[in-house]
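Architecture at a glance
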Amino acid sequence: MPMPVRSLPTVQNWDCHQCGDCCRTYVVRVTAEEKDRILKQGWMADPEFKGKEPLKIEKSGEVTLNQTADGTCVFLGPDNRCRIHAKFGAAGKPFACRLYPFVLVPGGDHWTVSLRFGCPSVADNKGRGVSAHVSELTSLSGPIEADNPKAVNMEPPELQAGQTSPWGDLSRFSKMFLKLATDTTHPVERRLRQMAMLSGLCRQSRFDKVSGGRLDEFLDIVTAAVIDETPADPYAVPKPGWVGRTLFRQQVGVYLRLDTGPHAGVGKRGAWARLAAGWRFGIGGGAVPQVNTWLPEGVSFAAAEQPAGELPAAAEELFTRYFAVKLQSGQFFGPSNFHRGYWDGLDSLLLVFPTMLWAARVMTAGGVERTEAITRAVRMVDENFGYNKFLAGGRTLWAVRTIADSGDLPKLIAWYAR
């Protein structure tokens, strides 16, 4: 029997609104069983297919759903509906298509639920509450457990190298960070600076003998001090250092890059174009490479350093919801984020905030309305968080740690929220 699905994000709504965005963006890999099932569905004889191959064998040997010349899945119909779903129901589709945009995160003896904000309906909070999908999510957890038996009753990930805490204490940490993230008496950027400061203090502590109620007491005391000591005005926070800004821009380049789908940027031209774009992000001079077509052409890196003013109310709501979903689900550490430890995963999550605002500044400089620019930036960045293989390596881990250890993380949050 599958583990139960719990910790549903109460702040988040979703239903599919048939925009077709995911069908135009992703390369969907299929298992051997899914391949056989799709071939038996008889699509080659379907007049709408006109002889198109339903599946494609990649150079790696993996089998994927085939795509048209513009990157659209061949199963997307003119009405923006999946042909497989329309003809055979949801069960006829590949598992990846059935699960999206949900993410099931192992939480010990249960699954927690997160969502991918790359989906427009998730970003816009459109649809029913997530609890309406619990039956469907429970049925989807079975195949995940069959493919990943280690996720069942999984041991808790490390806090950091050499330090572990039980699941109950990890939950205590997350509840305190969630409390900070959703305290709307402060602007979201100040809340995130508070979280960065608390994370740094906790990283310096050991919790071998501090657990349960004692941990709650510790967190209450330290958090109260952090709230009092965090400057209210982001302009009072010093500018991040040169090293921190350089490492940050390199991370930005990875988070914004898209090589497939309708918004694919210069990376689709090949390896040299991707290397050139990465080099430009490293030096931070001239025009920002269009690594995603949502980034306008000709906007300079200097434009991303200009203050944009107070966040719109809609952006405050979106960011509050975004961080609440990630913290409540735990989709920032462990197997959902390249097996990062708790503190490394939390710092990488906090770093997406200035990344999103950096991208929004570039789009606003190119003429995009600010709230729309921020929404697009959240979608762009979250598509990569925990999924882009270039964020999985040791260099990214080193960069995030360097930014955090140097004290530049709260400075970056304040700098790009101005």
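Nothing here was measured: the structure is a model prediction, and the numbers come from that model. (Residues numbered from 1 in each chain as written. Predicted model: local features only at pLDDT ≥ 70, side-chain atom pairs only at ≥ 80, totals over all residues. Heavy atoms only, no water.)

Strand pairing in a sheet is mediated by backbone hydrogen bonds. Such pairs are either parallel or antiparallel. The 3 strands lie next to each other as β3-β5-β4, forming an open sheet whose pairing is antiparallel. Only two strands of the sheet have a single partner each, and these edge strands are β3 (29-30) and β4 (55-57). Looking at chain direction, β3 and strand β5 (residues 63-65) are connected through 2 bridges and run antiparallel. Bridge assignment links Val30 to a residue of β5, and that residue is Val63. (Pairing = 2+ DSSP bridges. Helix = DSSP H or I, 4+ residues; strand = E, 2+ residues; numbered from the N terminus.)

What follows concerns the environment of Tyr255. Structurally, Tyr255 is set in helix α10 (residues 242-256). Ignoring sequence-local partners within four residues, the contact set of Tyr255 consists of Ser348, Val352, Thr355, Met380, Val381, Asn384, Phe385 and Leu391. (Contact = heavy atoms within 4.5 Å.)

Where α10 contacts helix α11 (residues 271-283), the two axes come as close as 7 Å, and the packing angle between them is 150 degrees. Between α10 and α11, the angle falls in the class roughly antiparallel. For the pair α10 and α11, the sense of crossing is right-handed. For the pair α10 and α11, contact is made by Thr246, Arg249, Gln250, Val252 and Gly253 and by Phe281, Gly282 and Ile283, respectively. (Axes fitted to C-alpha atoms, helices over the stretch in contact; angles between N-to-C directions. Parallel < 35°, antiparallel > 145°, perpendicular 65-115°, else oblique. Left-handed = near helix turned anticlockwise from the far one by under 90°.)

Attention shifts here to empty space enclosed by the protein. Per the counting criterion, the structure on display carries 2 cavities of 30 Å³ or more. In this model, the largest cavity occupies a volume close to 80 Å³. Taken together, Gln251, Tyr255, Asn337, Phe338, Arg340, Ser348, Leu351, Phe385, Gly386, Leu391, Thr396 and Val400 make up the lining of the largest cavity. Listing elements by their share of the lining of the largest cavity, those giving two or more residues are α10, α13 (342-365) and α15 (394-405). Residue classes in the lining of the largest cavity are distributed as 6 nonpolar, 5 polar and 1 charged. In this structure, the second largest cavity spans a volume of roughly 40 Å³. Around the second largest cavity sit Ala308, Leu357, Ala360, Arg361, Thr364, Arg370, Ile374 and Tyr416, which together line it. (1 Å grid on protein atoms, 1.4 Å probe; cavity = no way out; pocket = protein on both sides within 12 Å on 5 of 7 lines; lining within 4 Å. Points joined across faces, edges and corners; volume = space filled by probe spheres on them. Nonpolar A, V, L, I, M, F, W, Y, C, P; charged D, E, K, R; others polar.)

Take Arg193: it is sitting in helix α8 (residues 188-203). You can call Arg193 buried: its relative accessible area is 3%. Residue contacts for Arg193: discarding those within four places in its chain leaves Thr230, Pro231, Ala232, Asp233, Pro234, Val237, Pro410, Ile413 and Ala414. (Buried < 20%, exposed > 50% of the residue type's maximum accessible area, 1.4 Å probe, protein only.)

The next thing to look at is the packing of helix α7 (residues 167-181) against helix α12 (residues 313-329). Interaxial distance between α7 and α12 falls to 9 Å at its minimum, and their mutual angle equals 175 degrees. Judged by the inter-axis angle, α7 sits roughly antiparallel to α12. Residues Ser174, Phe177, Leu178 and Ala181 of α7 form the contact with α12, whose participating residues are Thr320, Phe323, Ala324, Leu327 and Gln328. Grouping the constituent residues of the contact of α7 with α12 by class yields 6 nonpolar, 3 polar and no charged.

Its place among the elements puts Ser139 in helix α6 (residues 134-147). Judged by relative accessible area, which is 46%, Ser139 ranks as partly exposed. Remark: the alpha-carbon pair of Ser139 and Arg128, spanning 11 residues in sequence, is separated by 19 Å.

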